[in-house]
Amino acid sequence: MRRAALAACAATLGVAKAFRTWDLQGEHELEFRRRVVQCESSLEGTSQTPEDFRVVLAQVVFRHGSRTPLQPMGAPDHHDFLLEWNECTPTDYHGLLADVKIVGVGDDPPPDVFGAVHHSRRKHSLKGNCKPGQLTVVGAAETVALGAELREQYVNKHKLIDGEFKPTQVRVRSTFMPRAVQSAQGVLRGLYGDSVGHSNDVLSQGAESSDGESGPRVDVFVMQREKETLIPHESACARLDELLKMAKRKFGSHEDEERVRALMAKHLSHDTNSSHIQLRDGLVSRESHALPLPEGWHDELKNKVSEIAAWQLRQLFHVDSPDPAAPTETLRLAIGRCLMEMVDNMHRRCENSDSVDDEAVKIRLFSAHDTTLVPLLIAMGVYDDIWPPFASHVAVELLERNEPSTSSTPCGIAEQDRFVRIIYNSSVMRLPACDGEEVCTLEQFEQAVRPFIPDDLDKECAVVAQVLEHNQPPPPTDSRAPEAGFKAATPNAQPHENNKREAEKSDGTSF
């Protein structure tokens, strides 16, 4: 049977090789390449299979669940201004969110996470009981499902952690955004079930459970806003601010820009001047809650706007600059500290120095955003150019051989027995730096991501070029205050006048 399977794969591979010069585009090209790699790997064989290893540390970075749009589409008498969002009644969250305590990192006190919901700075509000950008009950359920998936992997399959919550085994980090903290609560609930307490009060911080039900509370560590490492923070990094402005100037250069703007002008009475990213945000929020498209929208227009928005998101982390180091530099400044933290965590685990009460931390959860996942995936060479859906996750697993070398001791894992595997939305990724294998050495992984880890972030952030681009002054900043991450900016209107808001991102990299 195996021989027949290999023969069939060989035939498929022969066809694939014959047509490698096809001009494939978008998802078709990505799927084509995946199949070629899978087929080649099965033919060539591998000396390392997942069964040869055991997971000793899992670091899971995930995007929050579905939320309301960051701002309404349309105008005050149209579209989302008239649409009621009633997915945020506190009692509707009953049983979905674990009871947590917000804890500061290091010597810093915790930020006022939920004050951001109570005191939203956004220009427009939504009808109903939800705030702009708020995790809905739908989103909370998605994160519970993600937690249940992690339970299946790391409790039932890999036996990494206990099924009952044990605070010495898990550490949870979240950005300061309320939807990220609430998503961490949902994941914890799905991961540990009734072994953690649960709370109805989704807009409280550090208070005891409002429903009085028993169960331990889980510490969620949150950095102060200006020190956050899980999102690009150009407001605290002048060089990153400069690089992102350079990238945003290219937003209007997509080959379909003119055609899509013409379609918008033909079919829409509103939104024709809005950025593609902003429009996609409203459309995806509706779609995730099974709401119909706004008046004037149709599938072709929605798909093209979404395609351009995804392309623009990629451009933010792939700067087309006269400086050949710019793409690497952008990633270093945007997500390098997060990568460094994850690599350091693996080394501490290998050396058994990553412990609480003499027990090693075995799973680390990072509740973050799509613009955390995208630069991480790009840095690892596995981004597929598809915008990460709500509740997407990347798991960076540290592996040890099931039969370690004789030099392994109870005091740590020998260097030759340290391996890494990357899983994105339940699919094992084949890293280019690891010769397309599913498993690579920790040394290979570290060498692959090392170019994206800053040596001295403060020093690198202070290096600002004399001129961004010839004859192109910096774009003016938008007057609307961003909630986190990227400062909203207005690029030069090229090649279309309606492109003037193309880079505007009210949540910056924290969608």
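Before reading on, note that the structure itself is shown above.
Residues numbered from 1 in each chain as written. Predicted model: local features only at pLDDT ≥ 70, side-chain atom pairs only at ≥ 80, totals over all residues. Heavy atoms only, no water.

## Brief notes about helix 6 (residues 238-248)
Applied cut-off: Each residue gets one of three labels from its accessible area relative to the maximum for its type: buried under 20%, exposed over 50%, partly exposed in between, using a 1.4 Å probe on protein chains only. Numbering of helices and strands runs from the N terminus; a helix is a DSSP stretch of H or I covering at least four residues, while a strand is a stretch of E covering at least two.
The element helix 6 is largely enclosed, with a buried count of 10 among its 11 residues. Within helix 6 the residues assigned to the buried category are Arg239, Leu240, Asp241, Glu242, Leu243, Leu244, Lys245, Met246, Ala247 and Lys248.

## Looking at the pairing of strand 5 (residues 170-174)
Our working rule: Should DSSP find at least two bridges between two strands, the strands are taken to pair.
The element strand 5 is extensively covered by neighbouring structure, given that four of its five residues are classed as buried. With five bridges connecting them, strand 5 and strand 9 (residues 363-368) associate as parallel partners. Note that in strand 9 the partner of arginine 173 across the bridge is phenylalanine 366. Pairing between strand 5 and strand 6 (residues 218-222): three bridges, direction parallel. Within strand 6, the position partnered with valine 172 by the bridge is valine 220.

## With respect to the state of the cysteines
Note on terminology: a disulfide is the covalent bond linking the sulfur atoms of two cysteines. Quick reminder of the rule: Here, two cysteine sulfur atoms that lie within 2.5 Å of each other are counted as a disulfide.
Summed over the entire model, instances satisfying the criterion amount to three disulfides. Put simply, cysteine 237 and cysteine 461 are joined by a disulfide, and their sulfur atoms are 2.1 Å apart. Judged by the sign of its S-S torsion, about -100°, the cystine formed by cysteine 237 and cysteine 461 is left-handed. One end of the pair, cysteine 237, is in the loop between strand 6 and helix 6; the other, cysteine 461, is in helix 13 (residues 457-461), with 224 residues separating them in the sequence. For the residue pair cysteine 237 and cysteine 461, the accessibility class agrees, reading buried in each case. Covalently, cysteine 434 is tied to cysteine 440 through a disulfide, its sulfur atoms 2.4 Å apart. Overall, cysteine 434 belongs to the buried group, its relative accessible area being 3%.

This is a description of form; function is not addressed.
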